[in-house]
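Listed here are the chains, written in short residue letters.
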Number of protein chains: 2
Amino acid sequence: MANDEVKIIGAWASPFVMRPRIALNLKSVPYEFLQETFGSKSELLLKSNPVHKKIPVLLHGDKPVCESNIIVEYIDETWSSSGPSILPSNPYDRAMARFWAAYIDEKWFVALRDILKAEGEEEKKEVLAKVEEANALLEKAFNDCSKGKPFFNGDHIGYLDIAFGSFLGWLRVTELAAGHKILDETKTPSLSKWAEQFCNDPAVKPVMPETATLAEFAKKIFAKPRA
Amino acid sequence: MANDEVKIIGAWASPFVMRPRIALNLKSVPYEFLQETFGSKSELLLKSNPVHKKIPVLLHGDKPVCESNIIVEYIDETWSSSGPSILPSNPYDRAMARFWAAYIDEKWFVALRDILKAEGEEEKKEVLAKVEEANALLEKAFNDCSKGKPFFNGDHIGYLDIAFGSFLGWLRVTELAAGHKILDETKTPSLSKWAEQFCNDPAVKPVMPETATLAEFAKKIFAKPRA
């Protein structure tokens, strides 16, 4: 009998690790969560992702799949008849979901990270303006993709919801640290409403860390002396 | 009647633009090639890709699709019954193709570009070692993916062949400029054979630039004073 066990190598605080966990929850696929210790890499991780040596890795039987968004697509395609579709069915909508998911990792998240690195008020202001600009693009993308429904993917959460929503915990922590509201309901009303609904989704709730717990963790890791 | 015309906004020398052109050739989809002038951006490009303002853009009727690998997936899904499948059918093989395609853009190509930027023999040696390491990984990936067949995708070229193969013109130009063989048949025999077969494929041949022409173009653009 083939070994069909599903395992995720990851860590609770990583937004990238949340992605396959949410996807597996959506598909009602049980999995074992193998947590890495912060600051070190297990033998299993190094063996399973020798190229990037990064979490998350999905182990499906003895087969490893790496890179969070690629794992989410793999989950959608492997358990295609179980639970809702994660990717939209229409090729154009799929292309849009992939486009914005890439934008979120390459541009939006990079700008978000820069907020905490900014030195001085001037630089902080510049970075915040960049995030605001990205938010405005994503607000428009939300209205285009959702077509009046609660999620980017329509009636239920999907690929782009997961790609963006996985960062909401760290967004709240960044808001706390920066003393500045980043997802502002007056500027991005659709995204603000979406964020609340996303976090309350039964596939998301069990894996989305509490802001206070994540803030505590952030304090600990950022307090470490840099090499 | 819906406007189903297909256009590619691009430039002949761009490896990223080659990707959707090869995909459309594989699917026997006729298209109009709208070439941008080097150093400027047309109104149509700015309107069609306002986020990144980059080529290639596929226009399908009035709908723009951006980002080369996303366009290739869009072409495969839209003309699914015409020509061979570009993505493998098995979810695991698809995940592998996506993984290595991302690796090629994020790691391999970055290392290739660094060859020409390297200053001094020491730095050049370091960069060449990095490319060689990446080549060795891709040689192994080829043997794993192709399962004894001529292409990453099996009997015909597919997603990963296109993602990697689109760089072969610039690889030859870089070899010429660096005076160093980068894809060496003694070190990467499978990739060397694959590269030759890829360039001779009827879907590739009409869009793959001659090395001499591309080298001439490279000389011209690299001679421009930097801002």
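Residues numbered from 1 in each chain as written. Chains lettered and ligands numbered in written order. Predicted model: local features only at pLDDT ≥ 70, side-chain atom pairs only at ≥ 80, totals over all residues. Heavy atoms only, no water.

- Per an unreviewed UniProt entry, chain A carries the name glutathione transferase and comes from Microthlaspi erraticum.
- Its UniProt record gives chain A the following Catalytic activity (unreviewed entry) comment, quoted word for word: "RX + glutathione = an S-substituted glutathione + a halide anion + H(+)". (UniProt positions renumbered as here; feature names shortened; annotations may be inferred.)

1. Here's the deal with the side chain of Glu 73 of chain A
Phase 1: In this structure, Glu 73 of chain A sits in helix α3 (residues 68-78).
Phase 2: For Glu 73 of chain A, a relative accessible area of 4% corresponds to the buried category. (Helix = DSSP H or I, 4+ residues; strand = E, 2+ residues; numbered from the N terminus. Buried < 20%, exposed > 50% of the residue type's maximum accessible area, 1.4 Å probe, protein only.)

2. Side note on the relation of the copies chain A and chain B
Phase 1: Expressed as a screw operation, the relation of chain A to chain B combines 0.0 Å of axial shift with a rotation of 180°, fitting to an RMSD of 0.0 Å. One copy is carried onto the other by what is essentially a two-fold rotation axis.
Phase 2: When the interface residues of chain A are mapped onto chain B, 100% of them again fall at the interface, so both copies present the same face. (Least-squares fit on C-alpha atoms with pLDDT ≥ 70 in both. Contact = heavy atoms within 4.5 Å.)

3. Examining the interface of chain A and chain B
Size of an interface: often given as the accessible area lost when the parts come together.
Phase 1: Each partner contributes to the interface: chain A provides 25 residues, whereas chain B provides 25 residues.
Phase 2: Of the charged contacts in the structure, one is a salt bridge between Glu 73 of chain B and Arg 98 of chain A, with a shortest N-O distance of 3.3 Å.
Phase 3: Taken together, the links from chain A to chain B amount to eight residue pairs in polar contact (both at pLDDT 80 or more).
Phase 4: In terms of residue count, helix α4 (residues 91-117) of chain A provides more of the side of chain A that touches chain B than any other element does, 11 residues in total.
Phase 5: In terms of residue class, the side of chain A that touches chain B is built from 14 nonpolar, three polar and eight charged. (Salt bridge = Lys/Arg side-chain N within 4 Å of Asp/Glu carboxyl O. Polar contact = N/O pair within 3.5 Å; in protein donor to acceptor, adjacent residues only side chain to side chain. Nonpolar A, V, L, I, M, F, W, Y, C, P; charged D, E, K, R; others polar.)

4. Some words on the UniProt feature "domain: GST C-terminal" (unreviewed entry) in chain A
Phase 1: The sites that carry the UniProt feature "domain: GST C-terminal" (unreviewed entry) are, in the present numbering, residues 90-222 of chain A.
Phase 2: Taken end to end, residues 90-222 of chain A has its terminal C-alpha atoms 43 Å apart, with 71% of it in helix and 0% in strand.

5. Let's talk about the state of the cysteines
Phase 1: Applying the stated rule across the entire model yields zero disulfides over all chains.
Phase 2: Free cysteine: Cys 145 of chain A, not disulfide-bonded; nearest cysteine sulfur from Cys 66 of chain B at 13 Å.
Phase 3: Of all cysteine sulfurs, the one in Cys 145 of chain B lies closest to Cys 199 of chain B, which takes part in no disulfide; the gap is 19 Å. (Disulfide = S-S within 2.5 Å.)

6. Describing a positive patch on the surface
Phase 1: A surface patch of like charges, here positive, comprises Lys 41, Lys 53 and Lys 54 of chain A together with Lys 107 and Lys 130 of chain B.
Phase 2: Following the sequence through the fold, Lys 53 of chain A ends up in the loop between α2 (43-48) and β3 (57-60).
Phase 3: Among the residues examined, Lys 53 of chain A registers a relative accessible area of 37% and is labelled partly exposed. (Patch = residues over 30% accessible without salt bridge, like charges linked within 9 Å, V, L, I, M, F, W, Y side chains within 5 Å. Areas by Shrake-Rupley, 256 points an atom, 1.4 Å probe, with all protein chains shown as cover. Lys, Arg positive; Asp, Glu negative; His and termini not counted. Charge placed at Lys NZ, Arg CZ, Asp CG, Glu CD.)

7. Digging into helix α1 (residues 15-26) of chain B
All names here are of chain B.
Phase 1: The end-to-end C-alpha distance of α1 is 17 Å, a good match for the 16 Å that 12 residues give at a rise of 1.5 Å each.
Phase 2: Three or more residues of α1 are buried, namely Pro 15, Val 17, Met 18, Arg 19, Pro 20, Arg 21, Ile 22, Ala 23, Leu 24 and Leu 26.
Phase 3: Two to three positions downstream of the cap, the backbone nitrogen of Phe 16 sits 3.2 Å from a side-chain oxygen, assigning the N-cap of α1 to Ser 14.
Phase 4: Phi turns positive one or two residues past the end of α1, at Ser 28, with a value near 55°. (Expected span 1.5 Å × (residues − 1).)

8. Observations concerning the pattern of salt bridges
Phase 1: Within the structure shown, the criterion is met by 24 salt bridges over all chains.
Phase 2: With a closest N to O distance of 3.6 Å, Arg 172 of chain A and Glu 175 of chain A form a salt bridge. One end of the pair, Arg 172 of chain A, and the other, Glu 175 of chain A, are both in helix α7 (residues 168-178), three residues apart, so they sit about a helical turn from each other.
Phase 3: Residue class for Glu 175 of chain A comes out buried when judged on its relative accessible area of 10%.
Phase 4: Across the pair Lys 7 of chain B and Glu 5 of chain B runs a salt bridge whose closest N-O atoms are separated by 3.8 Å.
Phase 5: Put simply, Glu 73, Glu 77, Arg 94 and Arg 98 of chain A together with Glu 73, Glu 77, Arg 94 and Arg 98 of chain B are held in one network by salt bridges that share partners.

9. Observations regarding the nonpolar core
Phase 1: If you look at the biggest cluster of nonpolar residues, it comprises 139 residues, and the most contacted ones within it are Trp 108 and Trp 194 of chain A together with Trp 108 and Trp 194 of chain B.
Phase 2: Contact partners of Trp 108 of chain B, with chain neighbours within four places excluded, come to Tyr 103, Val 131, Ala 134, Asn 135, Leu 138, Phe 164, Phe 167 and Leu 171 of chain B. (Core = buried A, V, L, I, M, F, W, Y, C linked by side-chain atoms within 4.5 Å.)

10. A few points about a negative patch on the surface
Phase 1: Together, Glu 119, Glu 121, Glu 122, Glu 123 and Glu 126 of chain A make up a negatively charged patch on the protein surface.
Phase 2: Locating Glu 119 of chain A in the fold gives a position in the loop between α4 and α5 (120-146).

11. Notes on the packing of aromatic side chains
Phase 1: Counted under the stated rule, the structure contains 31 aromatic pairs over all chains.
Phase 2: Relative to Trp 100 of chain A, the ring of Phe 99 of chain A lies with its centre 5.1 Å away and its plane at 90°, an arrangement referred to as edge-to-face.
Phase 3: In this structure Trp 100 of chain A comes out as buried when scored by relative accessible area, which is 9%.
Phase 4: One aromatic cluster is present, built from ring pairs that chain together Phe 16, Trp 108, Phe 109, Phe 142, Phe 152, Phe 164, Phe 167, Trp 194 and Phe 198 of chain A.
Phase 5: Directly above the ring of Tyr 92 of chain B sits Lys 63 of chain A, whose terminal nitrogen or CZ lies 4.7 Å from the centroid.
Phase 6: A cation over an aromatic ring shows up here: Arg 21 of chain B above the ring of Phe 33 of chain B, its NZ or CZ 3.9 Å from the ring centre. (Phe/Tyr/Trp six-rings, centres within 6.5 Å; stacked < 30°, edge-to-face > 60°. Lys NZ or Arg CZ within 6 Å of the ring centre and 35° of its normal.)

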